[in-house]
Amino acid sequence: MNSYGSFPGARPRRLRTTPVMRRMVAETRLHPADLILPAFVREGITEPVPIGAMPGVVQHTRDTLRKAAVEALKAGVSGIMLFGVPEDAKKDAAGTAGTDPDGILQVAIRDVRAEVGDDLVIMSDLCLDEFTDHGHCGVLDAEGRVDNDATLERYAEMAQVQADAGVHVVGPSGMMDGQVGVVRDALDTIGKEDVAILAYTVKYSSAFYGPFREAVGSSLKGDRKTYQQDPANLRESMRELALDLEEGADMVMVKPAGPYLDVLAKVADAVDVPVAAYQISGEYAMVEAAAEKGWIDRDKAILESLTGIRRAGAQMILTYWATEAARKLGGV
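Residues numbered from 1 in each chain as written. Predicted model: local features only at pLDDT ≥ 70, side-chain atom pairs only at ≥ 80, totals over all residues. Heavy atoms only, no water.

Caption draft 1: Here's a closer look at the side chain of K255. Secondary-structure assignment places K255 in strand β8 (residues 251-255). Discounting chain neighbours no more than four positions away, the residues touching K255 are Y200, V202, K203, Y204, Y209, Y278 and I280. (Helix = DSSP H or I, 4+ residues; strand = E, 2+ residues; numbered from the N terminus. Contact = heavy atoms within 4.5 Å.)

Caption draft 2: Geometry of the environment of A69. Within the element layout of this structure, A69 appears in helix α2 (residues 62-75). Taking C-alpha positions, A69 is 7.9 Å from L120, a pair spaced 51 residues apart along the chain. Ignoring anything within four residues of it in the chain, the contact list for A69 reads I80, V112, V116 and L120.

Caption draft 3: Examining unusual backbone geometry more closely. Residue P8 follows F7 across a cis peptide bond; omega there is 5°. A cis amide bond links K255 with the next residue in sequence, P256, at an omega value of -5°. Among the structural elements, P256 can be located in the loop between β8 and α8 (261-270). Of note in this structure, M175 is not a glycine but carries a positive phi near 65°. Here M175 shows up in the loop between β6 (169-172) and α5 (179-189).

Caption draft 4: Layout of helix α4 (residues 148-165). Taking 1.5 Å of rise per residue, 18 residues should cover 26 Å, and α4 covers 26 Å from first to last C-alpha, within 8% of that figure. Of all the residues in α4, the buried ones are T151, L152, R154, Y155, A156, M158, A159, V161, Q162, A163 and A165. Where α4 is buried, its residues contact α3 (104-116), β5 (121-126), β6 and α5. Its side-chain oxygen placed 3.3 Å from the backbone nitrogen of D149, D147 serves as the N-cap of α4. Where α4 ends, the next residue or the one after it, G166, has phi of about 115°, a positive value. (Expected span 1.5 Å × (residues − 1). Buried < 20%, exposed > 50% of the residue type's maximum accessible area, 1.4 Å probe, protein only. Polar contact = N/O pair within 3.5 Å; in protein donor to acceptor, adjacent residues only side chain to side chain.)

Caption draft 5: Inspection of the nonpolar core at higher detail. Residues I80, L82, Y155 and V267 are the most contacted members of the largest nonpolar core, which totals 95 residues. Residues within four places of I80 in sequence aside, it is in contact with I36, L37, A39, L65, A69, V112, L120, V121, I122 and M123. (Core = buried A, V, L, I, M, F, W, Y, C linked by side-chain atoms within 4.5 Å.)

Caption draft 6: View of the packing of aromatic side chains. All chains considered together, the criterion is met by six aromatic pairs. Taking 5.9 Å as the distance between ring centres and 20° as the angle between the ring planes, the aromatic pair formed by F40 and Y320 counts as stacked. With F40 in strand β1 (residues 35-42) and Y320 in the loop between β10 (316-318) and α11 (322-330), the pair connects residues that are 280 residues apart, well separated along the chain. Since its relative accessible area comes to 0%, F40 is described here as buried. Seen from their ring centres, Y284 and Y320 are 5.9 Å apart, and the 75° between their planes marks the pair as edge-to-face. With Y284 in helix α9 (residues 281-292) and Y320 in the loop between β10 and α11, this pair connects stretches of sequence that are 36 residues apart. As far as burial versus exposure is concerned, Y284 and Y320 are alike and both buried. Through pairs of rings, three or more aromatic residues link up here, namely F40, F83, Y278, Y284, Y320 and W321. (Phe/Tyr/Trp six-rings, centres within 6.5 Å; stacked < 30°, edge-to-face > 60°.)

Caption draft 7: Structural detail: the pattern of salt bridges. Throughout the structure, instances matching the rule amount to 20 salt bridges. With its nearest N and O atoms 2.6 Å apart, the salt bridge here joins D111 to R62. You can see D111 sitting in helix α3 and its partner R62 sitting in helix α2, a full 49 residues away along the chain. With a shortest N-O distance of 3.2 Å, E157 and R154 are connected by a salt bridge. Here R154 and E157 lie together in helix α4, a separation of three residues that amounts to about one turn. Accessibility expressed as a relative area gives 37% for E157, which makes it partly exposed. A single salt-bridge network, built from bridges that share partners, covers R62, D63, R66, D111 and E115. (Salt bridge = Lys/Arg side-chain N within 4 Å of Asp/Glu carboxyl O.)

Caption draft 8: The arrangement of the pairing of strand β4 (residues 79-85) in detail. With respect to burial, β4 is a largely interior element, seven of its seven residues being buried. Bridge count for β1 against β4 is seven bridges, and the pairing is parallel. Residue pairing across strands places R42 opposite V85, the latter belonging to β4. (Pairing = 2+ DSSP bridges.)

Remember, this is a structural readout, not a statement about activity or role.
Dropping the structure here:
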């Protein structure tokens, strides 16, 4: 029993004896720079509007969005992902508010860029769902189905107006076939070769998106199962990954994060581009709700969930706790 490699000679607990020891041998380290803050800006409001299903998260005014961006920057967060919420009267079947240079998302991009310049990576959601009166991520055909190729034309326009507004990174999230290539061509056509694409490569049709619908004032009826991926599938995700890389994706994302850590790990092992994961609204809401009930330790659960995502292979994590977690990690 005394031979090398067996008990009692092998005692892994020796490396767990003190906090400093555990920190020294930690295999995964979470850093503020790993984090990206998703933020919602709503048109036509004068005060932030709390999101009921996401305690602590709001629909921002233009002014409070600028402040949130500065706070994220000071905490050490690397980026901010912007989502625009237009007035209901401006929604239509084609989502034209999404390609209006003076639409709320483009205005917000300009606001944040003017406030933080290049010190924070400004990202924008490139999708039509916030702007359509039917709530789908694209335009519909005569039978009410999402028309893939007609939607791509709209995405090309969106990419160009977002780039003109000053975004650093666009995030095409609608899960249309060919979206990355079309967006890349659209950006290059207007001389915006430096604008990067964060591809929503793996985006499952998930029950965990529920609170997000409130956050963006979604008008969706039905579901998005014909274009978002089936939660049962993994090989399909790897095929999407190969296609996005071939089309010119600079970074790739897995969404949601927590329920799909196996997918995230497989994607991270397969690529040589940066990998992101989005800890989505339902993941956030579950922790907040359980903590409010006193069932879990909120702060520890937040950092543990983020560490798990980082350990699975994400170099960047989009999380609504980004600024708060960055402050905890950085001691700010």
